[in-house]
Every structure is written in structure tokens, then in C-alpha cells.
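# Fold and contact review
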Amino acid sequence: QVSTNAIKFNTSDKKITINKHIYGHFAEHLGRCIYGGFYVGEDNTTIPHTAGVRNDIVEALKKLKIPNLRWPGGCFADTYHWKDGIGPKESRPTIVNTWWGGVTENNSFGTHDFLNMCELLETEPYLAGNVGSGEVQELADWVQYVNHAGTSPMADLRKKNGRENPWKVKFWGVGNEAWGCGGNMTPEYYADVYRKYATFMSDWTNTGGLYRIASGANGGDYNWTEVLMKKIPHSLVDGLALHHYSNVEWNKKGPATGFTDEQYFKTMKSAWHMEELVNKHSAIMDKYDPRKRIALVVDEWGGWYEVEKGTNPGFLYQQNTMRDAMIAGVTLNVFNNHAERVRMANLAQTVNVLQAVILTEGEKMILTPTYHVMEMYKVHQDATLIPLSVESKDFAFGNEKIPAIHASASVNKEGVTHISLVNIDATVKHEIVIDLDKSYKDLSGRILTSKTLTDHNTFQAPDKIKPTAFTGAKLKNNQLKVELPPFSVVVLSLK
Ligand code: AHR
């Protein structure tokens, strides 16, 4: 079966940049994300590492050009006292990770370890401050510790711990999921708490200020956004967060592999819901901030399923299939198309947790289909958005339907145009006629697809799914005809 769809490039005088920070990642002290994932310890003799951080992971993430990395949570952030994670490792106290598996955390990976790791990764740190169980002074001290160049109690302590120059951390989360694990607060109460914390987070870097991000809504809780936009003085806030996970059903998540057609459809419907969430939260923000100074920061997104059999339920370890590639393709297209308001986002989570881009098993490391989508889409980072109109056939299941085709496009600084296309249809090949903005001479492309939707990379077959050259597009002056196989992601380059 082949079905025809249409995409049109719209001309616009407005130049909107797709902020590279939309392509951000998230690393929580959860399961094997940090310990046994990124960090294998300084004394490890079997896995090549730099100060305990796996070299293969650093190399893989540098290829993705990850722009920022959020740490240490998540729910963990509101239980984390940063002073436990500095100074000689043998004297650091232990704590219990109450949210994630009840395991003992020895604090061997702390502030210096994380910020030095960000330098290795050539990425910007995004620190999530503890508001739920912390103190205003504690967070103010953290800012001073990592950012103050001069003489001050915290800067002196940092120097004593071996780091002379500040790291100059710009991105700061003021609590996480304040409506839930971050303190079960009402939006009115959190808005007041936020005002207090933000006031005492001084700009020690003197380089244009901190970028403070308020804990945002849980999915479609629009009242949360309304209250925060109304009650927080805009001079105190740069971003408002939003969290949305894609599942079959929150209480019946289903397996990460071996899912049914119905489970696939429901997951894709949930992923596509991001479009509505971004539209509706943005509309509320527009009322209070028509110039769009405050960003919508989707700092947790991705697929969330049942854990793999035999693994700790609190570790959230799941495999990653072509379904995850579809979620990533659709979601990143949504963010690109809304780049005027969505200027930062973080996939949950980088290594071994939820929709990971990397999985590890002892010395082995594999790249997931989601990694490959992120790698294919990196061409959009800091490029200029090309607005599109998309007319798509439906992808239906029972009485429900969602668009089959999802797209976004941009032009980079070298003048190369990129179009990212996703066909989420489980069975139908879709033909797309694309009316371009001008005539182009050169066309090339890459595709990510596989034989079945449930296919995934394993430690035995790590390259089962990887991008290959795409030959299904024909260019004639200012028109493109593309044939997209079922469940595929394609990125085209035009010159
Ligand atoms: O990413 C896993 C968890 O999901 C985070 O800790 C929390 O913020 C969210 O509920």
C-alpha cells in the first residue's frame, strides 16, 4: 500500500533559530546511569576511562554534539545535598537513594566529577538544585562554589578541593517536579518558594547571568503554567519546565520489546500528544510573555516502559527499539517546529535508564536506535527553522487516528537545507510530495529503519539498526518526491 502526502515550505521573514539546547540529555543518580554507566570508578582496570568516566561513552556522546547535560536528577535532585559529594572520596558520607531502588549512594560521583565530565564531553552542565528537602542557603552556596572566581567561603573551599577556576555553570533548575516527588506543592506555594530561592542565586560569573528554570507542569496541568507565569516576576525566571513521557498507559506500561500493534499505536499517540502540550502551554505563556523571553524547557521526555525482566524495578532499565526511534523523530520535529518557545529539552535518560541513547553491559557498550536519530538530527542544532505545512494521511488503529507523517526543516550556516521526515505508520509506505522554497541541485539522505518495529540492537548484534544511505527521494528543481517505508526516519540534505 502506498499513500500520498504533501509538505510545503513556507516563506517567513522571521528568522527563528532551532536552539541547540533542544538536543540536551539527562543523567540522574538512578539505576546504572551514573554508577556502572558513565562512571566506572577511578580504580577500574578493565574499562578504559578518564578519572573514572568511560572513554567509549565520552566519544559516542561527543559525536552527538550533546549541548547540555542535566544532573543529578530528577526526583533524586530534591534529596541531594551537594556538600556530601565534594572533598576526599573516602570521607564522603553515604546516603540512601530513596526514590530509585533504595540503594546506598556513596557520593563518589559529585560536583567536581560531574562538571569535569561535562568538560570532557564538551557540553554545558545543567544543575538541578534541591528545593524539596534543601535550604535556600545550600543552593546559594552551590552557585557560589561552582561559579565564583574571587575569594569567598565557597570559592576557597572549591580551590582547597583542587579546582582553581570556576566552571561558570549557566543552567540551573530550581527544584524538580515540585508538584510531586519534589515536595507535593501547590503551584501557588511553589511560586512563592521559587521566588525566594531564585532571589538568593546570585550571578557569580558576571557573564550575563544565570539561566534559572522553574519546575514546570506535569503533562497537561495547564493551571500550573498559568499560576507560575502570573506569580513569578519574569526578571527571576528564564525557563519553565515541562515533563511528558510516552507510554501505552501510565499504570500499564507494557514491555519495551515484544509490544503489540495496539501498544505501539498508543505509545505513538502519547508521543504525538507533545504537540498539543507544547501548543497549549505556549499559548498560556504567550498571554503573560508575548515576546517569548521565557523558554519552555521540556527537561524530561521519552518512552517509559516496564523494566527488563530480572532487573531492579527501581532502576528503570529498558531496551530501545524502532518504536523509540519513532518517538525521538516525532518529538524532535515538534520541538524544532516550536523553536521560538521551546529552546531547551532533555531526553530521559542518557545511559541505561528509560529511553537511553547508550546501553552498557560490563565492558560492552551499544548505541540504540534513539542514539542514531539524535545523531541524524544534530544537523538542526542552531540552524534556522524553515516553517512547513504538512498534509498527512492518517495512521489509524481501531477508531483512533493520528498523522502518519511528521516533518521539520532548517537551513544551516553553510546554506545547506535539512529535512527530517518520520513515517510512524506500522505497515504503509507513504509517498510525500514536497514543494521546496527554491530549486536545489544536490540531494543526499540517510534512513533509519529495520525489518520489524520491535527490532533493537543487542550486545550480540550491536549494529542491527543503524543509518544507511537513502535512495527513495527524487529531486526535480523545487520539488521532491520521497517514498518513506513504514516506521522509518529519514534526514535529507539539499544544496
Ligand atoms: O526520569 C525518571 C524520573 O521521572 C525523574 O526522576 C522524575 O523527575 C520523573 O518523574
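Predicted, not measured: the structure shown is a model, and the values here were computed from it.

So, on to the overall build of the chain. Across its full length, the chain carries nine helices and 27 strands. Computed over the C-alpha atoms, the radius of gyration of the chain is 22 Å, within 12% of the 23 Å expected from 2.2 N^0.38 for a compact globule of 495 residues. Residues classed as buried in the chain amount to 51% of the 495 residues present. In the chain, of all internal contacts separated by at least 6 residues, the share reaching a separation of at least 24 is 76%.

Turning our attention to the domain arrangement of the chain. How big an interface is tends to be stated in terms of the accessible area lost upon association of its parts. Each assigned domain of the chain is listed with its residue range as follows: domain 1 (2-9 + 387-494) and domain 2 (20-382). Taking only C-alpha atoms into account, the centre of domain 1 sits 29 Å from that of domain 2. With 29 residues of domain 1 at the contact, the number on the domain 2 side is 34 residues. Counting residues per element, the ones that place at least two in the side of domain 1 that touches domain 2 are β19 (400-403), β20 (405-411), β21 (417-423), β23 (443-448) and β27 (488-494). Of the residues assigned to the side of domain 1 that touches domain 2, the class counts are 15 nonpolar, ten polar and four charged.

Take the UniProt feature "domain: Alpha-L-arabinofuranosidase C-terminal" (unreviewed entry) in the chain next. As recorded in UniProt, the feature "domain: Alpha-L-arabinofuranosidase C-terminal" (unreviewed entry) lies at residues 299-488. Structurally, residues 299-488 is divided into 13% helix and 39% strand, and its ends, taken at the C-alpha atoms, are 26 Å apart.

Time to look at the site of the ligand. Taken together, the neighbourhood of the ligand is formed by Glu28, Gly73, Gly74, Cys75, Asn176, Glu177, Glu300, Ala348, Gln349 and Leu354. Tallied by class, the residues present in the shell around the ligand amount to three nonpolar, four polar and three charged.

Our focus in this paragraph is the packing of helix α6 (residues 222-231) against helix α7 (residues 261-288). One way to put it is that α6 packs onto α7 with a least axis distance of 9 Å and a crossing angle of 20 degrees. Taken together, the axes of α6 and α7 are roughly parallel relative to one another. Crossing geometry of α6 relative to α7 is assigned as right-handed. Side by side, α6 and α7 meet where Tyr222, Thr225, Glu226, Met229 and Lys230 of the first sit next to Lys280, His281, Ile284, Met285 and Tyr288 of the second. Tallied by class, residues from the contact of α6 with α7 come to five nonpolar, two polar and three charged.

Helix α9 (residues 369-377) sits mainly inside the fold: nine of its nine residues count as buried. Residues of α9 that are buried include every one of Pro369, Thr370, Tyr371, His372, Val373, Met374, Glu375, Met376 and Tyr377, and no others.

A few words now on the pairing of strand β15 (residues 364-367). The sheet contact formed by strand β14 (residues 358-361) and β15 spans four bridges and is antiparallel. Counterpart to Thr360 in the pairing with β15 is Met365. Connecting the antiparallel pair β14 and β15 is a turn made up of two residues, with Gly362 showing a positive phi of about 55 degrees.

The strand order β16-β20-β21-β27-β23-β24 describes an open sheet built from six strands, whose pairing is antiparallel. Edge positions in the sheet fall to β16 (384-386) and β24 (468-469), since each of these pairs with one other strand and no more. Sheet topology note: the β21/β27 ladder contains seven bridges and is antiparallel. Within β27, the residue paired with Asn423 across the bridge is Ser488. Its contacts with the sheet put helix α8 (residues 322-337) on β16, β20, β21, β23 and β27, and the angle it makes with β20 is roughly 50 degrees. The sheet contacts of α9 involve β21, β23 and β27, and relative to β23 the element is tilted by about 160 degrees.

Moving on to the sheet that holds strand β5 (residues 68-71). The sheet built from eight strands closes into a barrel, its strands ordered β2-β5-β8-β9-β10-β11-β12-β13 with parallel pairing. The mean inter-strand angle of the sheet, taken between neighbouring strand axes irrespective of direction, is 30 degrees. Inspection of the sheet shows strand β9 (residues 171-174) paired to strand β10 (residues 211-218) by four bridges, in the parallel sense. Paired with Gly173 across the strands is Ile213, a residue of β10.

Bringing the packing of helix α5 (residues 187-200) against α6 into the picture now. For the pair α5 and α6, the least separation of the axes is 9 Å and the interaxial angle reads 40 degrees. Judged by the twist between their axes, the crossing of α5 over α6 is right-handed. Seen from α5, the contacting residues are Pro187, Glu188 and Ala191; seen from α6, they are Asn223, Trp224, Val227, Leu228 and Lys231.

Attention shifts here to the pairing of β10. When you tally the buried positions in β10, you get seven out of eight residues, the bulk of the element. Pairing geometry for β10 and strand β11 (residues 239-246), over four bridges, is parallel. Bridged to Asn218 within β11 is His243. Once you follow β10 into α6 and on to β11, the crossover reads as right-handed.

On to the environment of Ala256, then. In this fold, Ala256 is placed in the loop between β11 and α7. For Ala256, a count of 23 C-beta atoms within 10 Å corresponds to the buried category. A sequence separation of 64 residues divides Ala256 from Asn320, and the C-alpha atoms of the two residues are 6.7 Å apart. Residues within four places of Ala256 in sequence aside, it is in contact with Tyr305, Glu306, Glu308, Gln318, Gln319 and Thr321.

Omega for the bond connecting Trp71 with Pro72 falls within 30 degrees of zero, at 5 degrees, which places this linkage in the cis form. You can see Pro72 is positioned in the loop between β5 and β6 (95-97). Of the consecutive residues Gly73 and Gly74, the connecting peptide bond is found in the cis state with omega at 15 degrees. If you trace the backbone, Gly74 turns up in the loop between β5 and β6. Positive phi outside glycine occurs at Glu122, with the angle close to 55 degrees.

Quick notes on the rules
- Residues numbered from 1 in each chain as written.
- Predicted model: local features only at pLDDT ≥ 70, side-chain atom pairs only at ≥ 80, totals over all residues.
- Helix = DSSP H or I, 4+ residues; strand = E, 2+ residues; numbered from the N terminus.
- Rg over C-alpha atoms; globule rule 2.2 N^0.38 Å.
- Buried ≥ 20, exposed ≤ 12 C-beta atoms within 10 Å, placed from the backbone.
- Contact = placed C-beta atoms within 7 Å.
- Domains from an automatic or database assignment.
- Nonpolar A, V, L, I, M, F, W, Y, C, P; charged D, E, K, R; others polar.
- UniProt positions renumbered as here; feature names shortened; annotations may be inferred.
- Near = placed C-beta within 6 Å.
- Axes fitted to C-alpha atoms, helices over the stretch in contact; angles between N-to-C directions.
- Parallel < 35°, antiparallel > 145°, perpendicular 65-115°, else oblique.
- Left-handed = near helix turned anticlockwise from the far one by under 90°.
- Pairing = 2+ DSSP bridges.
- Right-handed = clockwise from strand over helix to strand, strands pointing away.

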